[in-house]
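Structure at a glance
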Amino acid sequence: MRIPIIAGNWKMHKTASEAVQFVERIKEQVKGTDVEVVLCTPYTLLYPVKEAIKGTNIKLSAQNMHWEDQGAYTGEVSPLMLKELGVEYCIIGHSERRLYFNETDETVNKKVHAALKHNIKPIICVGETLEQRESGQTNTLVKNQVVKAFEGVPGDRVAEIVIAYEPIWAIGTGKTATSEQANEAIYNIREVIRELYGEEVYTEIRIQYGGSVKPDNIEEIMNQEDIDGALVGGASLKPDDYVALVNF
Ligand SMILES: O=C(CO)COP(=O)(O)O
């Protein structure tokens, strides 16, 4: 049984006091949900949010990390540091990091291994540009991203990993992939996991959709057979919208 996961990716938004206010506003209203509720915050908010979510069903995620435990990497944050802050999940390979910060399939793979070493569950992002979709490359490209991200990951760790299929053309554009397009891509991703790991593991991994998810389209997305959740940017910043998303 795959428990659906709705994760809010705050990207580079909110100060510590705004974050704490947000949690205060939503914490009672998300209690009754059957989905896993996750907030992916900037590093500076991890500690205040960790304190604010005590005793709630809200879980904490980072948005990135380095793959080494420590070292001379000015400006970076390690999985060891995140673990001590109570971080359960970490987004790895978001398209914005691939685009603006030189994230590659190789660094994604290193980070996946580092996260698993520290029992942090990776949320691995994959997805294609509009140009790639229009030239029919979606399946090959996404398959390649998945295969590389999972290189060397043993089958008994796969169920801890979440994949987020985020078509780049649907991020922050108000343009959602149709629920059929999203479901098809996610079905294909699960088939890649089947090819890599076989029958037992492929049914366990959770695969989310991300890209302009809002309260008014969440239900249709979540009703798709293969979609196990959503990774939400813009709409996760507003308390009422986020509450509506997790109680869809
Ligand atoms: O990138 C996303 C989540 O990681 C999606 O962002 P939006 O929901 O703002 O389109």
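Residues numbered from 1 in each chain as written. Predicted model: local features only at pLDDT ≥ 70, side-chain atom pairs only at ≥ 80, totals over all residues. Heavy atoms only, no water.

Here the focus is the site of the ligand. Of all residues adjacent to the ligand, which total 13 residues, the nearest are His94, Gly172, Ser212, Gly233 and Gly234. Here an oxygen atom of the ligand sits 3.0 Å away from a polar atom, N or O, in the side chain of Asn9. For the ligand, whose accessible area on its own is 310 Å², the fraction buried by protein is 96%. The cavity that encloses the ligand is the second largest pocket. (Near = heavy atom within 4 Å. Polar contact = N/O pair within 3.5 Å; in protein donor to acceptor, adjacent residues only side chain to side chain. Areas by Shrake-Rupley, 256 points an atom, 1.4 Å probe, with all protein chains shown as cover. 1 Å grid on protein atoms, 1.4 Å probe; cavity = no way out; pocket = protein on both sides within 12 Å on 5 of 7 lines; lining within 4 Å. Sits in = over half its atoms within 2 Å of the grid points.)

Turning next to the UniProt feature "active site" (unreviewed entry) in the protein chain. UniProt marks His94 and Glu166 with the feature "active site" (unreviewed entry), using the numbering shown here. Despite a sequence span of 73 residues, these residues sit close together in the fold, their greatest C-alpha distance being 8.5 Å. In the annotated group above, the largest pocket draws its lining from His94. Examined against the element boundaries, His94 turns out to sit in the loop between strand S4 (89–92) and helix H4 (95–100). Judged by relative accessible area, His94 falls into the buried class, the value being 4%. Once residues within four sequence positions are removed from consideration, His94 is found in contact with Asn9, Lys11, Cys125, Glu166 and Ile171. (UniProt positions renumbered as here; feature names shortened; annotations may be inferred. Helix = DSSP H or I, 4+ residues; strand = E, 2+ residues; numbered from the N terminus. Buried < 20%, exposed > 50% of the residue type's maximum accessible area, 1.4 Å probe, protein only. Contact = heavy atoms within 4.5 Å.)

Bringing the layout of surface pockets into the picture now. Its volume calculated, the largest pocket comes out at about 440 Å³. Together, 15 residues line the largest pocket, and Lys11, Met12, Gln63, Arg97 and Phe101 are the ones closest to its centre. Elements supplying a minimum of two residues to the lining of the largest pocket: helix H2 (43–52) and H4. Element by element, the count of residues in the lining of the largest pocket is highest for H4, at three residues. Grouping the amino acids of the lining of the largest pocket by side-chain chemistry returns six nonpolar, six polar and three charged. Surrounding the second largest pocket, 19 residues form its lining, Lys11, Gly172, Ser212, Gly233 and Gly234 being those nearest its centre. (Points joined across faces, edges and corners; volume = space filled by probe spheres on them. Nonpolar A, V, L, I, M, F, W, Y, C, P; charged D, E, K, R; others polar.)

Packing of helix H1 (residues 16–26) against helix H11 (residues 239–246) brings their axes to within 10 Å, and their N-to-C directions diverge by 45 degrees. In terms of axis orientation, H1 runs oblique to H11. Our pair here, H1 against H11, has a crossing hand that is right-handed. Judged by residue contacts, Phe22, Arg25 and Ile26 of H1 engage Pro239, Asp240, Tyr242 and Val243 from H11. (Axes fitted to C-alpha atoms, helices over the stretch in contact; angles between N-to-C directions. Parallel < 35°, antiparallel > 145°, perpendicular 65-115°, else oblique. Left-handed = near helix turned anticlockwise from the far one by under 90°.)

Attention now moves to H2. Residues Leu45, Leu46, Val49 and Ala52 constitute the buried set of H2. All buried residues of H2 lie within an arc of 135 degrees about the axis, which places them on one face of the element. Along its buried surface, H2 packs onto H1, strand S3 (58–62) and helix H3 (79–84). (Arc of directions from axis to C-beta.)

Next up on the list: the side chain of Ser95. One can find Ser95 in helix H4. Residue classification places Ser95 among the buried residues on the basis of a relative accessible area of 13%. Apart from the residues within four sequence positions on either side, Ser95 is in contact with Ile168 and Ile171.

Here we take up the packing of aromatic side chains. One pass over the structure, following the stated rule, counts five aromatic pairs. On the numbers, 4.9 Å between centres and 80 degrees between planes, the contact of Trp10 with Phe22 is edge-to-face. One end of the pair, Trp10, is in the loop between strand S1 (5–9) and H1; the other, Phe22, is in helix H1, with twelve residues separating them in the sequence. The exposure classification of Trp10 matches that of Phe22, with both residues buried. Here the aromatic rings of Tyr100 and Phe101 are separated by 6.4 Å at their centres, their planes lie at 85 degrees, and the arrangement is edge-to-face. In this pair, the class of Tyr100 matches that of Phe101, namely exposed. Ring pairing ties together the aromatic residues Trp10, Phe22 and Tyr242, which thus form one cluster. (Phe/Tyr/Trp six-rings, centres within 6.5 Å; stacked < 30°, edge-to-face > 60°.)

With that out of the way, let us pick up a nonpolar patch on the surface. Residues Leu99, Tyr100 and Phe101 make up a contiguous nonpolar surface patch of roughly 390 Å² in combined accessible area. Among the secondary structure elements, Leu99 is positioned in helix H4. (Patch = residues over 30% accessible without salt bridge, like charges linked within 9 Å, V, L, I, M, F, W, Y side chains within 5 Å. Salt bridge = Lys/Arg side-chain N within 4 Å of Asp/Glu carboxyl O.)

With 13 residues, helix H5 (residues 105–117) extends 18 Å between its outermost C-alpha atoms, agreeing within 8% with the 18 Å of an ideal straight helix rising 1.5 Å per residue. Residues of H5 that are buried include every one of Asp105, Thr107, Val108, Asn109, Lys111, Val112, Ala114, Ala115 and Leu116, and no others. Turning to H5, the residues buried within the fold contact H3, S4, H4, strand S5 (121–126) and helix H7 (138–149). (Expected span 1.5 Å × (residues − 1).)

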